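These are the residues of each chain, in order.
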Amino acid sequence: GTVAEKESFALPLAQCILSFACNGKILSKSISINSVASRESAKPKKRTRNKGTATRLLAPREVVSRERILRLLATSDVFGAILSLLHSMWDRTRELAYEFACDLINQATLASIPLPSSLLSADGQRSWRARSFHLSSSPRQREADTGSRMLALLFTALPANER
């Protein structure tokens, strides 16, 4: 297929993998991998009061596997791929890459998983910021859009006390 078809397939797939790793709780402040791992239940399913909807408690090995997936998603290789997708000529690809990166940063932060040094180190932030400002000042809409999204991602990745 075309590059656009590959990008439009890969990004929703990555979002589904992230959703699986976070037990479907994307951007939910309630996710806590450690608290789920400490709970053990003899029964795999527990009935709730919402019209028979079942909630499933994860086994400790499932929690470990999901945390491992999240750790693998929060690597510098994945962020490098996202950064390259932010430079795509397709608006939808840039939008999906930005949304995925925001979700990934938020989930990694909630799960206390370290982000790549390119986002957290002083040199990485300086380089990222310089590139973002350069792109944001471009008269071309695509490049300006990429630069502004990169700045937003940098802001999202900063610890709350540095914002």
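The structure we're discussing is the one just above.
These remarks concern the structure in this document.

Reading the values: rules and limits
- Residues numbered from 1 in each chain as written.
- Predicted model: local features only at pLDDT ≥ 70, side-chain atom pairs only at ≥ 80, totals over all residues.
- Heavy atoms only, no water.
- Helix = DSSP H or I, 4+ residues; strand = E, 2+ residues; numbered from the N terminus.
- Buried < 20%, exposed > 50% of the residue type's maximum accessible area, 1.4 Å probe, protein only.
- Contact = heavy atoms within 4.5 Å.
- Areas by Shrake-Rupley, 256 points an atom, 1.4 Å probe, with all protein chains shown as cover.
- Patch = residues over 30% accessible without salt bridge, like charges linked within 9 Å, V, L, I, M, F, W, Y side chains within 5 Å.
- Salt bridge = Lys/Arg side-chain N within 4 Å of Asp/Glu carboxyl O.
- Phe/Tyr/Trp six-rings, centres within 6.5 Å; stacked < 30°, edge-to-face > 60°.
- Lys NZ or Arg CZ within 6 Å of the ring centre and 35° of its normal.
- Axes fitted to C-alpha atoms, helices over the stretch in contact; angles between N-to-C directions.
- Parallel < 35°, antiparallel > 145°, perpendicular 65-115°, else oblique.
- Left-handed = near helix turned anticlockwise from the far one by under 90°.
- Nonpolar A, V, L, I, M, F, W, Y, C, P; charged D, E, K, R; others polar.
- Expected span 1.5 Å × (residues − 1).
- Arc of directions from axis to C-beta.
- Core = buried A, V, L, I, M, F, W, Y, C linked by side-chain atoms within 4.5 Å.

Along the protein chain, the regular secondary structure elements total 8 helices and 2 strands. Listing the helices and strands of the protein chain from first to last along the sequence gives α-α-β-β-α-α-α-α-α-α. Here the protein chain holds 163 residues, and 34% of them are scored as buried. Sequence-distant contacts, at least 24 apart, represent 62% of the contacts inside the protein chain between residues at least 6 apart. Accessible surface, the protein chain: about 10100 Å² in total, of which carbon and sulfur atoms supply 56%.

Taken together, the side chains of V3, M89 and W90 present a nonpolar region at the surface, about 320 Å² in accessible area. Structurally, W90 can be placed in the loop between α4 (76-86) and α5 (91-110). Residue classification places W90 among the partly exposed residues on the basis of a relative accessible area of 39%.

Quick look at the packing of aromatic side chains now. Tallied over the entire structure, the rule returns 0 aromatic pairs. Lying over the aromatic face of F20, R66 brings its terminal NZ or CZ to 4.2 Å of the ring centre.

Orientation of helix α7 (residues 122-136) relative to helix α8 (residues 141-157), taken along the N-to-C sense of each, is 150 degrees, at an axis distance of 7 Å. Considering the angle they form, α7 stands roughly antiparallel to α8. Along this stretch, α7 crosses α8, giving a crossing that reads as left-handed. Each of Q125, W128, R129, R131, S132, F133, L135 and S136 in α7 lies in contact with α8, whose residues at this interface are E143, A144, T146, G147, S148, M150, L151, L153 and L154. Residue composition of the contact of α7 with α8, by class: 8 nonpolar, 6 polar and 3 charged.

Let's shift gears to the side chain of S132. Following the sequence through the fold, S132 ends up in helix α7. Taking the relative accessible area as the measure of exposure, S132 reaches 0% and is therefore buried.

What follows is about helix α3 (residues 60-73). With 14 residues, α3 extends 20 Å between its outermost C-alpha atoms, agreeing within 8% with the 20 Å of an ideal straight helix rising 1.5 Å per residue. Listing the buried residues of α3 in full gives V63, R66, E67, L70 and L73. Each buried residue of α3 lies within a common arc of 115 degrees when the element is viewed along its axis, so the set occupies one face. In α3, the exposed residues that point more than 90 degrees away from the buried face are R61, R68 and L72.

This part is about the nonpolar core. In terms of nonpolar packing, the biggest core is built from 30 residues, with L18, L70, F100, L104, I105 and L153 touching the most fellow members. Listed by contribution, the elements that provide at least two residues to this core are α1 (3-21), α3, α4, α5, α7 and α8. The biggest single contributor to this core is α5, with 8 residues.

With that settled, consider the environment of F133. In this structure, F133 sits in helix α7. Overall, F133 belongs to the partly exposed group, its relative accessible area being 48%. Linking F133 and G147, residues 14 residues apart in sequence, is a C-alpha distance of 6.3 Å.

Bear in mind that shape data such as this cannot, by itself, settle questions of function.
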